[in-house]
Amino acid sequence: FFFWPNEPPHAHRHRTSPLHTAPRVMSKNPNASNPSAFLKNVLGRPVVVKLNSGVDYRGVLACLDGFMNIAMEQTEEYHNGQLKAKYGDAFIRGNNVLYISTLKRKPA
């Protein structure tokens, strides 16, 4: 801890040292975007949604909210890379989502 001169010892609880603040790191890539921009760009496009359980859902991202609740269309469920089920529409609760990735299209 550091103390300001002429202050009682308990005063440090209300101050923080400028030396203890974390530096803000900016991306060196000028084309890098934030997660919000990424999600706006992939709306209406094919994505992979990986759940904490390891299950993948592949389909078209229809919409999502601030809690990362996801609505998908033309959804397929995969376990260990194996197709297990097909759904027209699917809703995934956000607390189950590990990540969202764009779906790489296979060459024709």
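Undergrad: Residues and numbers for the pairing of strand β1 (residues 46-51), please.
TA: Pairing analysis gives 5 bridges linking β1 to strand β2 (residues 56-64), with the strands arranged antiparallel. Bridged to P46 within β2 is V60. What sits between β1 and β2 in their antiparallel hairpin is a turn of 4 residues, with G54 showing a positive phi close to 100 degrees.

Undergrad: Report on the packing of aromatic side chains, specifying residues and quantitative values.
TA: To describe a pair of aromatic rings, one takes the distance between the centres and the angle between the planes. Evaluation of the coordinates by the stated rule reveals 0 aromatic pairs. Lying over the aromatic face of Y78, R58 brings its terminal NZ or CZ to 4.0 Å of the ring centre.

Undergrad: With reference to specific residues and values, describe the pairing of strand β3 (residues 70-79).
TA: With 7 bridges connecting them, β2 and β3 associate as antiparallel partners. The residue of β3 that forms the bridge with D56 is Y78. The antiparallel pairing of β2 with β3 creates a hairpin that spans 5 residues between the two strands, and M68 there sits at a positive phi of about 65 degrees. Alignment of β3 against strand β4 (residues 82-92), held across 9 bridges, turns out to be antiparallel. From the neighbouring strand, E77 faces β4, where its bridge partner is A85. As consecutive antiparallel partners, β3 and β4 are separated by 2 residues, and within that stretch N80 has a phi angle of approximately 50 degrees, a positive value.

The rules behind these values
- Residues numbered from 1 in each chain as written.
- Predicted model: local features only at pLDDT ≥ 70, side-chain atom pairs only at ≥ 80, totals over all residues.
- Heavy atoms only, no water.
- Pairing = 2+ DSSP bridges.
- Helix = DSSP H or I, 4+ residues; strand = E, 2+ residues; numbered from the N terminus.
- Phe/Tyr/Trp six-rings, centres within 6.5 Å; stacked < 30°, edge-to-face > 60°.
- Lys NZ or Arg CZ within 6 Å of the ring centre and 35° of its normal.

Taken by themselves, the reported measurements are silent on function.
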